[in-house]
Amino acid sequence: MSQHYPLIDLQNLSISYSTPRGMVSAVDDVSLQIPHGASIGLVGESGSGKSTIALALMRLLPPNARVTGRMLFDGTDLTLQTETQLNRGWRWRRLSMVFQKSLSALSPVHRVGAQMHDVLALHEPGLREAQREARIREVLEAVHLPDRVLRSYPFELSGGMMQRTMIALGLLCNPPFVIFDEATTALDVITQAQILKEIERLKDEFDLTTMVISHDVGVINAVTDIVAVLYAGQVMEVAPRERFFSMPAHPYSRALISSVPRLDGQQGRITGIPGSLPDLTNPPSGCRFAPRCPHATPECMERTPRLIEIEPGHLVRCTEFAMKDKTDR
Amino acid sequence: MSETALIDVQDLRCLFPIRKGLGDLLARRAHNVHAVDSVSFSMQRGEIVALVGESGCGKSTIGRMLVKLQEPTDGAIRFDGQDVTTLSGESLKAFRRRAQIIFQNPFEAFDPRLTIGASLMQALRIHDIGSKADREALIVSVMERSGLKPAQDFLARYPHELSGGQSQRIATVRAMLLSPDFLVADEPVSMLDVSVRADILNQLLDLRDDEGMAIVFITHDLSVARYVANRIAVMYLGMFVEIGPAEEIIANPRHPYSRALLSNTLPVGDEARTGEPLEIGGEVPTPVDIKPGCRFANRCPFAFDRCRVETPVLQPHGGKTDVACHLYD
Amino acid sequence: MAQSLVTEAAAPIAAPRRPTRIRAFWQPFVESRMGPIGLGILILVALAAIFAPVISPEGPFALGGPRLAAPGTDGHILGTDHLGRDILAQIVYGARVSLTIGLVAASISLVVGVLIGSIAGYCGGWVDILLSRLTDMFLIIPAFFLIIVVVATLGSGIGYVMVVIGLTAWPTSARLMRAQALSLRERTFVQALRALGESGPRILVRHIIPNGIQPLIANASLDIAAAILIEAGLSFIGLGDPNKATWGRMIFDGRTTITTAWWASVLPGVAIIVTVLGFYLVGDGISYVLNPRSRRVRG
């Protein structure tokens, strides 16, 4: 049985990139807890900062990134670990990542088997060759891949097989936490459904805590327990999945859900969200969604509302709810 | 009814030869990729037909053939009764005024070295539309009718200064400047953020309703197809497997592949799932050197002997959609 | 009619001061550090060439000075050669010749290469096959030896040298341009232009070539350097134009006295090295502008 302590605890995480145009505020004061055994979905569009958070957790951000805040993994602050410590004890052994562009994540001139050996050799140097072989076979079986994949080059594999290979790589050192960054975006619908099913199964089989990043609300709906909505680097809403889809609170969440055409028929036309992302080198002082929000008030533009818990497990960052919260007290 | 049809396609085929090696060269063996094979359909003004399928199914190739960006290997395309293959020179240019296309990638839709205004002017200049004074006014009016106000601001910009959504809208404006009767939209929203898609989709719906535009809408997303299309054609490996009214295809898909696509499309939120997802093994092969028989047979859970030897023909089989499947013979 | 459409607020995407194209080139060029150094060198060389009559009013062929005078004697800053001619004068006038040869030869190479390469890449099919084989044929021709043959038969005028260098250097430009054209042809905006009805030649000239030419500019810089070296080599073996003051000829003239009067050969040699270096650095700078843009991290 999994205990529900937070395996991952992000506290006031802020990430900026130093660019010739100025400091780009990619992630702003994000605080998020991921309970052990849960699957959290980060949903957002381009510029939301979701991939940045994932890379930050893996400490894989480029050198021009400035990180403030804490990232606690099982109590240890990852921001304080050195590269050596990260490679020896953390990356791949405690947390790993499955990327989207599989073809560019693997070296095209080496066979898959060799690359998997390399990864194991780096992160678990104590293993002997035979043990590595055994472990590799194990993960291949877990993702239902045939042995011949080991002898293949990445370009010889189909999209679905590539993605399974990436997942196998992610599980190679049995980490308790895996990040899936748009892992099924490049796949066709049928293969995507297959892979998502695999992910569900692997979650149970390996007792994984996962973070699923996607711009596709359908994917989030399929494999997550908790949904966190990000917009322009800020967390706008966090809720259990069913509650999120049945009663989304934040105007952005509601607009996002209603901008997706439904298979069971639409009542009238879908509407998008007017305007575009704020300039992140000069972000608005208040709520970052306010310039595009149909319910925005002057107060929204001035002060960023806090993340309020409106129901157990359901948090919203919105002036509308902040007001209610004040009047309730 | 094909007298009133704007587009009439008969037995369209497009094969791409691939040269494999010296052995083939000596033995005079030619290998072909059957990108599009024996496709026939017709459409009227004021109608949107969606071509739905996974990547490699030939839908984009059909789109390109319909606007003469790709020459068919075989078959006939008639536009307003006229055979399109014989066009050249002035008649080809006249055809291009009437048949336009918008592409998937909005970020590459314009020459990066020209301002938007210059690119739009060019479209008018190619076809000698209006006098110089008229042209600017025409551009401004079409831009503003499409909701791009103030037009002058956009016209002064370079392509890299636009967001994906803005760029795609302006790409549509460019096509509309020629007042075409027919538009091919090749995955126009696949690369756009979800909240921006509605505008483009609604713009296409308006073109159909207000201007009687005939649109071929190419997509891999059934939900989007349902939203915009009057009719949906499901494609697999270069052939139509089913075609019919959009609601009918979604509510009662008959071809096993249509059923698989539909049931594996992820629902959003509290949408009812359309039954248990039909599981299809294997991956989409490349259509090289196709032999007779149903192309879906090796993956189809309902395949029987006849499927492997006799190619099924697209027919109503007593239902509301045309389907190419021996299950319905 | 368009009630369902939402008016899109034109949010500013670029920074308030939109960088002009010149600035977009200049900033990374400066960053490359090699580029500006090379450019500085070339500006000096160009100024020397332009102001040659001011620097050395007597001209490069003025006889009457002391023979093989060491640098510093008698007002000859860089000394004199075996005929008493001022070395500095010959160097600055020689700069004119070298730069002219380099620029003309590289221009021929660029124009021919861009035309043939872009047509081959854009048209494809048998046009491509024909033009590519033509390119290959010219690629095989060794420039130096062809020039020797031409000079031996037609004489050693500078004009011949420039044209021959240009006509043997274009294949590299053509290949580069062809590759650019091949990839540009598939870009969405080119497809869109075809669909709009724009004619092939106009697409080629107004869209393919301007968008594809940048790496060829970097290559042109190297072509200029190569042309200068070839001319120097020709002159050194005695096949250069005897009526022109070229750096190569200066080295040729001074080769017998290299141990006693080193300045007659070494100084023009230094001029060649510095000038060629200048072009290489500029070429590197341009390449840097084109390449690491994608390597540099964006926020």
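Since the model is a prediction, treat every value here as computed from it, not as a measurement.

Caption draft 1: The overall build of chain C, seen in detail. If you tally the helices and strands in chain C, you get 13 helices and 0 strands. Reading chain C from its N end, one meets helices and strands in the order α-α-α-α-α-α-α-α-α-α-α-α-α. Against the compact-globule benchmark of 19 Å for 299 residues, chain C has a radius of gyration of 24 Å, which places it well outside the compact range. With the C-alpha coordinates of chain C rotated into their principal frame, the extents come out at 90 × 50 × 30 Å.

Caption draft 2: Molecular detail of the overall build of chain B. Each helix and strand counted, chain B has 12 helices and 11 strands in total. Taken over the C-alpha trace, chain B has a radius of gyration of 21 Å; the compact-globule value for 329 residues is 20 Å, and the two agree within 12%. The principal-axis extents of the C-alpha atoms in chain B amount to approximately 70 × 60 × 40 Å. Counting all 329 residues of chain B, 50% fall into the buried class. Relative to all contacts within chain B whose residues are 6 or more apart in sequence, the contacts with residues 24 or more apart total 66%.

Caption draft 3: Focus on the environment of A:Met323. Here A:Met323 shows up in helix H12 (residues 319–328). Put simply, A:Met323 and A:Pro305 are 18 residues apart on the chain and 9.6 Å apart in space, counted from C-alpha to C-alpha.

Caption draft 4: Inspection of the interface of chain B and chain A at higher detail. Facing 34 residues of chain B, the contacting portion of chain A comprises 33 residues. Going through the elements one at a time, helix H8 (194–211), helix H9 (222–228) and helix H11 (256–264) of chain B are the ones with two or more residues in the side of chain B that touches chain A. The element best represented in the side of chain B that touches chain A is H8(B), accounting for 7 residues. For the side of chain B that touches chain A, the residue count by class is 16 nonpolar, 10 polar and 8 charged.

Caption draft 5: Seen up close, the sheet that holds strand E2 (residues 31–43) of chain B. All names here are of chain B. A sheet is described by the order of its strands in space; here 4 strands give the open sequence E2-E1-E4-E5, paired in antiparallel fashion. Every other strand in the sheet has two partners, leaving E2 and strand E5 (82–83) as the edge strands with one partner each. Across the face of the sheet, helix H2 (residues 59–66) comes into contact with strand E1 (7–18), E2 and strand E4 (74–79) while running at roughly 115° to E1.

Caption draft 6: Representation of the confidence of the model for chain C within the structure. All names here are of chain C. Taken as a whole, chain C shows an average pLDDT of 84; of its residues, 90% reach a score of 70 or greater. At the low end of the mean pLDDT range in chain C sits helix H13 (residues 292–295), at 49; at the high end sits helix H8 (residues 188–196), at 96. Confidence over residues 1–17 falls short of pLDDT 50; this stretch has 39 contacts with residues more than four positions distant or in other chains. Overall, residues 294–299 carries pLDDT values under 50, and its contacts beyond four positions in sequence, including any with other chains, amount to 7 contacts. This complex was scored by the predictor with a pTM of 0.88 and an ipTM of 0.90.

Caption draft 7: Representation of helix H6 (residues 143–154) of chain C. In this model H6(C) runs 16 Å from its N-terminal to its C-terminal C-alpha over 12 residues, within 8% of the 16 Å that 1.5 Å per residue would give. Where H6(C) terminates, the next one or two residues include C:Gly155, which has phi positive at roughly 105°.

Caption draft 8: Structural detail: the sheet that holds strand E2 (residues 22–35) of chain A. Residues and elements named next belong to chain A. The strand order across the open sheet formed by 4 strands is E2-E1-E4-E5, and the pairing between neighbours is antiparallel. Each end of this open sheet is capped by a strand with a single partner; those strands are E2 and strand E5 (76–77). Relative to E5, strand E4 (residues 65–73) runs antiparallel, the two sharing 2 bridges. Bridging from a neighbouring strand, Leu72 pairs with Asp77 of E5.

Caption draft 9: The arrangement of the pairing of strand E3 (residues 48–52) of chain B in detail. Residues and elements named next belong to chain B. Extensive coverage of E3 is indicated by the burial of 5 of its 5 residues. Taking every second residue as pointing to the same face, both faces of E3 are buried, with Ile48, Ala50 and Val52 on one and Val49 and Leu51 on the other. Sheet analysis places E3 next to strand E8 (residues 214–219), joined by 5 bridges and oriented parallel. Residue Leu51 lies in a different strand from E8, and its bridge partner there is Ile218. Inspection of the sheet shows E3 paired to strand E9 (residues 231–236) by 4 bridges, in the parallel sense. Among the inter-strand pairings, Val49 is bridged to a residue of E9, identified as Arg231.

Caption draft 10: Up close: the packing of H6(C) against helix H10 (residues 214–236) of chain C. Residue and element names in this part refer to chain C. Where H6 contacts H10, the two axes come as close as 11 Å, and the packing angle between them is 50°. Relative to H10, H6 is oriented oblique. Along this stretch, H6 crosses H10, giving a crossing that reads as right-handed. Along the contact surface, H6 presents Ala143, Phe144 and Ile147, while H10 presents Ile230, Gly233 and Leu234. By residue class, the composition of the contact of H6 with H10 is 5 nonpolar, 1 polar and no charged.

Caption draft 11: The environment of C:Thr257, seen in detail. Residue and element names in this part refer to chain C. With respect to the helices, strands and loops of the structure, Thr257 is situated in the loop between helix H11 (247–254) and helix H12 (263–290). When the 16 C-beta atoms within 10 Å are taken as the criterion, Thr257 is described as partly exposed. Contact partners of Thr257, with chain neighbours within four places excluded, come to Leu68, His82 and Ala264.

Caption draft 12: Main features of the nonpolar core. Grouped together as the largest cluster of nonpolar side chains are 278 residues, with contacts concentrated most on B:Ala50 and B:Ala233. For B:Ala233, the residues in contact, after removing those within four places along its chain, are B:Phe41, B:Val49, B:Ala50, B:Leu51, B:Val52, B:Phe240 and B:Ile243.

Caption draft 13: Representation of unusual backbone geometry within the structure. The amide bond that connects B:Lys149 to the next residue, B:Pro150, takes the cis arrangement and shows omega of -10°. Mapped onto the fold, B:Pro150 is located in the loop between helix H5 (132–145) and helix H6 (151–155). Of note, the phi angle at A:Ala232 is positive, near 50°, even though the residue is not glycine. By the element assignment, A:Ala232 lies in the loop between strand E9 (226–231) and strand E10 (234–240). Look at B:Asp11: it is not a glycine, yet its phi comes out positive at around 50°. Along the chain, the position of B:Asp11 falls in strand E1. Judged by C-beta crowding, with 12 C-beta atoms within 10 Å, B:Asp11 ranks as exposed.

Caption draft 14: Focus on the pairing of strand E10 (residues 239–245) of chain B. All names here are of chain B. For E10, the buried fraction is high: 6 of the 7 residues fall into the buried class. Where E9 meets E10, 6 bridges bridge the pair, whose relative direction is antiparallel. Opposite Met235, over in E10, you have Phe240 as the bridge partner. In sequence, E9 turns back onto E10 through a hairpin of 2 residues, with Leu237 there showing a positive phi of about 50°. Pairing of E10 with strand E11 (residues 322–323), which is carried by 2 bridges, proceeds in the antiparallel orientation. Residue pairing in the sheet places Ile243 in a bridge with Asp322 of E11.

Caption draft 15: Layout of the packing of helix H2 (residues 34–50) of chain C against H12(C). Residues and elements named next belong to chain C. Interaxial distance between H2 and H12 falls to 7 Å at its minimum, and their mutual angle equals 140°. Relative to H12, the element H2 lies oblique. When you trace H2 past H12, the crossing you get is left-handed. Together, Met34, Gly35, Ile37, Gly38, Leu39, Ile41, Leu42 and Val45 of H2 and Val274, Thr275, Leu277, Gly278, Phe279, Tyr280, Leu281, Val282, Asp284, Gly285, Ile286 and Tyr288 of H12 make up the contact between the two elements.

Caption draft 16: Quick look at the environment of C:Met177. Residues and elements named next belong to chain C. Mapped onto the secondary structure, Met177 falls in helix H7 (residues 158–185). Assessed through the 29 C-beta atoms surrounding it within 10 Å, Met177 is described here as buried. A sequence separation of 143 residues divides Met177 from Met34, and the C-alpha atoms of the two residues are 25 Å apart. Setting aside residues up to four positions removed in sequence, Met177 forms contacts with Gly113, Val114, Gly117, Ser118, Gly121, Gly212 and Leu216.

About the cut-offs
- Residues numbered from 1 in each chain as written.
- Chains lettered and ligands numbered in written order.
- Predicted model: local features only at pLDDT ≥ 70, side-chain atom pairs only at ≥ 80, totals over all residues.
- Helix = DSSP H or I, 4+ residues; strand = E, 2+ residues; numbered from the N terminus.
- Rg over C-alpha atoms; globule rule 2.2 N^0.38 Å.
- Buried ≥ 20, exposed ≤ 12 C-beta atoms within 10 Å, placed from the backbone.
- Contact = placed C-beta atoms within 7 Å.
- Nonpolar A, V, L, I, M, F, W, Y, C, P; charged D, E, K, R; others polar.
- Pairing = 2+ DSSP bridges.
- Axes fitted to C-alpha atoms, helices over the stretch in contact; angles between N-to-C directions.
- pLDDT = per-residue confidence, 0-100.
- Expected span 1.5 Å × (residues − 1).
- Parallel < 35°, antiparallel > 145°, perpendicular 65-115°, else oblique.
- Left-handed = near helix turned anticlockwise from the far one by under 90°.
- Core = buried A, V, L, I, M, F, W, Y, C linked by C-beta atoms within 7 Å.

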